[in-house]
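One letter stands for each residue in the lines below.
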Amino acid sequence: MKVYYDENIRDQVCHVSALIRAVSVEPQDDSKLLVSFSNGEQRIFDAAPLLDMPIYAPLREPSFFRRAHIECGTVVWSDELDVSPESLYEDSSPLPVARVASPLNGHRVI
């Protein structure tokens, strides 16, 4: 959810995107997570900025970081440590799509 002030109506406006949930997670090197979402997208979430926050300090330990798993549509490590699905999605980068050569080499099948 994004909240912003709209000068035209002189009030705060909330924009809620469609509910996107994390469906799988694979911890990567360098404090990154490969997250698959309910809309079919796979994205890379860089957790490094979180490591400066005291609550996320346990993630600095690689063995603890690798414990990331999915519960209730978001990534969690313990009962006290998680990242909201909205943050996971909005603060991540789309996974680059590899181009796959067509087996038909440009020929159409009729």
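Thresholds, definitions, all that
- Residues numbered from 1 in each chain as written.
- Predicted model: local features only at pLDDT ≥ 70, side-chain atom pairs only at ≥ 80, totals over all residues.
- Heavy atoms only, no water.
- Helix = DSSP H or I, 4+ residues; strand = E, 2+ residues; numbered from the N terminus.
- Buried < 20%, exposed > 50% of the residue type's maximum accessible area, 1.4 Å probe, protein only.
- Contact = heavy atoms within 4.5 Å.
- Areas by Shrake-Rupley, 256 points an atom, 1.4 Å probe, with all protein chains shown as cover.
- Core = buried A, V, L, I, M, F, W, Y, C linked by side-chain atoms within 4.5 Å.
- Pairing = 2+ DSSP bridges.

J.: Provide a residue-level description of the overall build of the protein chain, including the pertinent values.
T.: Scanning the protein chain from terminus to terminus reveals 2 helices and 9 strands. In sequence order, the protein chain lays out its α and β elements as β-β-β-β-β-α-β-β-β-α-β. Buried residues in the protein chain amount to 28% of all 110 residues. For the protein chain, the share of sequence-separated contacts (at least 6 apart) that also reach a separation of at least 24 residues comes to 38%. With the model as given, the accessible surface of the protein chain reaches about 8,100 Å², and the carbon-plus-sulfur share is 52%.

J.: Give me unusual backbone geometry: which residues, what numbers.
T.: Here the phi dihedral of Asp 30 falls at roughly 60°; this positive angle occurs in a residue that is not glycine. On the secondary structure map, Asp 30 appears in the loop between strand E3 (22-27) and strand E4 (32-37). The class of Asp 30 is exposed, set by a relative accessible area of 63%. Although it is not a glycine, Cys 72 adopts a positive phi angle of roughly 50°. Following the sequence through the fold, Cys 72 ends up in the loop between strand E6 (69-71) and strand E7 (74-78).

J.: Could you give me a rundown of the nonpolar core, with the residues and numbers involved?
T.: Residues Leu 33, Val 35, Phe 45, Leu 59, Val 75 and Trp 77 are the most contacted members of the largest nonpolar core, which totals 21 residues. Sorting the residues of this core by element identifies E3, E4, helix H1 (62-65), E7, strand E8 (81-83) and helix H2 (85-90) as the ones contributing at least two each. Of all the elements, E4 adds the most residues to this core, at 3 residues. Beyond its immediate chain neighbours, meaning those up to four positions away, Phe 45 contacts Ser 31, Lys 32, Leu 33, Val 35, Leu 50, Val 83, Ser 87, Leu 88, Asp 91 and Ser 92.

J.: Tell me about the pairing of strand E5 (residues 42-46), residues and numbers included.
T.: Of the two faces of E5, only the one carrying Arg 43 and Phe 45 is buried; Gln 42, Ile 44 and Asp 46 on the other face are not. Linkage of E4 to E5, two consecutive antiparallel strands, is achieved through a turn of 4 residues, within which Gly 40 is found at a positive phi near 95°. With 3 bridges joining them, E5 and strand E9 (residues 92-94) adopt antiparallel strand pairing. In the sheet register, Phe 45 faces E9, and the bridge partner there is Ser 92.

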